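Examining the three-dimensional arrangement
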Amino acid sequence: MFLKVLERLFNIDDIDSKWGVRFMFLLCVVVRCAVFFNPYSDTDFTWLNSWINNFETADQAQALDMTIPMTTGNVIFLVSAFFAIFLAVIMGVLYSGLYVRSFRNRRRQKEGGEDIPEPLKVSAILKRFVLLSLFYLAVSIPFFLISSNLLLFFCIGYPLLFTAPACYLSGDKGMFNSMAHVVRLNRGFYLAHLRSLIIILLAYFFTNGLAGLISYVSMTAFYILSAAFSTWMLFAFGRYAGMAYCAMTDKRVISTINNEKESKFD
């Protein structure tokens with residue numbers, strides 16, 4: 001049973017918009033690889049250790065005059081790396097919306113969908129996706145600056161909010177109303193979501209470790225495999241976000257859970 005759940009979770013190709021997802025996956029991998037294969041980027045940051053050591057030993061007046069000695073190639077690498085990571089993340093978010101649409105289409109076609117909301121059209125999902133991407137872009141830099149100070153609160157609260165993008169892209173709620181909506185839906189599901197998110201995180205570490213072993217043989221193969229594995233895990237995360245949101249809003253699933261709870265007290 002557990003293996004079947006894992007297979008369903010990581011089988012990112014099992015969706016109606018199959019070729020669209022394949023294109024998204026390929027795009028993310030190519031962009032991620034291009035960061036390292038770009039002849040104009042510079043991945044040598046050995047100067048950073050020297051600068052940090054000098055900064056720590058400098059007095060206050062000297063520290064104020066010290067600037068980070070970053071090359072143009074370093075800037076190109078950092079900007080392109082940020083863009084590649086951001087692209088992969090938002091593609092994973094888009095996948096969650098496409099999964100919700102696919103789930104609702106299949107449920108309506110196979111089992112009848114009186115209790116299933118009308119699936120949103122792809123064009124409508126893309127419009128919402130563009131707005132969501134712009135919002136993420138606006139908050140991404142401030143988030144990275146303060147994330148280290150709020151890491152504990154982020155880890156605790158994230159299992160409550162990770163389905164909010166799927167809710168918004170499903171068309172059920174607006175961008176900000178979706179956050180309050182999924183917090184209410186997550187009652188009784190928190191630990192189950194936390195367990196599944198940990199499984200995905202462990203799978204990421206495992207696949208990243210495998211790619212790291214390849215680096216001893218070929219750095220080119222390492223870059224390609226690392227990009228593919230990390231994109232796969234982000235899409236698996238987006239898939240789980242869609243699966244979790246569908247399960248929490250599916251009246252049949254909720255009814256089954258409630259019946260199981262009641263039977264324990266009979």
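Throughout what follows, the structure given in this document is the object of discussion. (Residues numbered from 1 in each chain as written. Predicted model: local features only at pLDDT ≥ 70, side-chain atom pairs only at ≥ 80, totals over all residues. Heavy atoms only, no water.)

Some words on the overall build of the protein
Counting secondary structure elements, the protein contains 12 helices and 0 strands. Scanning the protein from its N terminus toward the C terminus, one meets helices and strands in the order α-α-α-α-α-α-α-α-α-α-α-α. Taking all 266 residues of the protein together, the buried fraction comes to 36%. If you sum the accessible surface of the protein, you get close to 16200 Å²; carbon and sulfur atoms cover 67% of it. (Helix = DSSP H or I, 4+ residues; strand = E, 2+ residues; numbered from the N terminus. Buried < 20%, exposed > 50% of the residue type's maximum accessible area, 1.4 Å probe, protein only. Areas by Shrake-Rupley, 256 points an atom, 1.4 Å probe, with all protein chains shown as cover.)

Some words on the packing of aromatic side chains
Considering all chains together, one arrives at 15 aromatic pairs under this definition. Judged by centre distance (5.8 Å) and plane angle (75 degrees), the ring pair of F37 and Y223 falls under edge-to-face. Within this pair, whereas F37 is found in helix α2 (residues 18-37), its partner Y223 is found in helix α11 (residues 219-249), the two being separated by 186 residues in sequence. Note on Y204 and F205: the rings are 5.7 Å apart at their centroids and 55 degrees apart in plane angle, and the pair reads as tilted. A network of ring pairs unites the aromatic residues F36, F37, F77, F222 and Y223 as a single cluster. Geometry around W19 places R22 over its ring, the cationic atom sitting 4.3 Å from the centre. (Phe/Tyr/Trp six-rings, centres within 6.5 Å; stacked < 30°, edge-to-face > 60°. Lys NZ or Arg CZ within 6 Å of the ring centre and 35° of its normal.)

What to know about the pattern of salt bridges
Tallied over the entire structure, the rule returns 5 salt bridges. Note that D172 is salt-bridged to R104, the shortest N-O span being 2.7 Å. Highlighted residues: D172 in the loop between α8 (164-170) and α9 (177-185) and R104 in helix α5 (residues 72-111), separated in sequence by 68 residues. Overlapping salt bridges bring together D14, D16, R106 and R239 as one network. (Salt bridge = Lys/Arg side-chain N within 4 Å of Asp/Glu carboxyl O.)

A few points about the packing of α9 against α11
The interhelical angle for the contact between α9 and α11, taken along N-to-C directions, is 65 degrees, at an axis separation of 10 Å. Compared by their axis directions, α9 and α11 come out roughly perpendicular. The hand of the α9/α11 crossing is left-handed. For the pair formed by α9 and α11, the contact residues are H181, V182 and L185 on the first element and Y245, M248 and T249 on the second. Of the residues in the contact of α9 with α11, the class split is 4 nonpolar, 2 polar and no charged. (Axes fitted to C-alpha atoms, helices over the stretch in contact; angles between N-to-C directions. Parallel < 35°, antiparallel > 145°, perpendicular 65-115°, else oblique. Left-handed = near helix turned anticlockwise from the far one by under 90°. Contact = heavy atoms within 4.5 Å. Nonpolar A, V, L, I, M, F, W, Y, C, P; charged D, E, K, R; others polar.)

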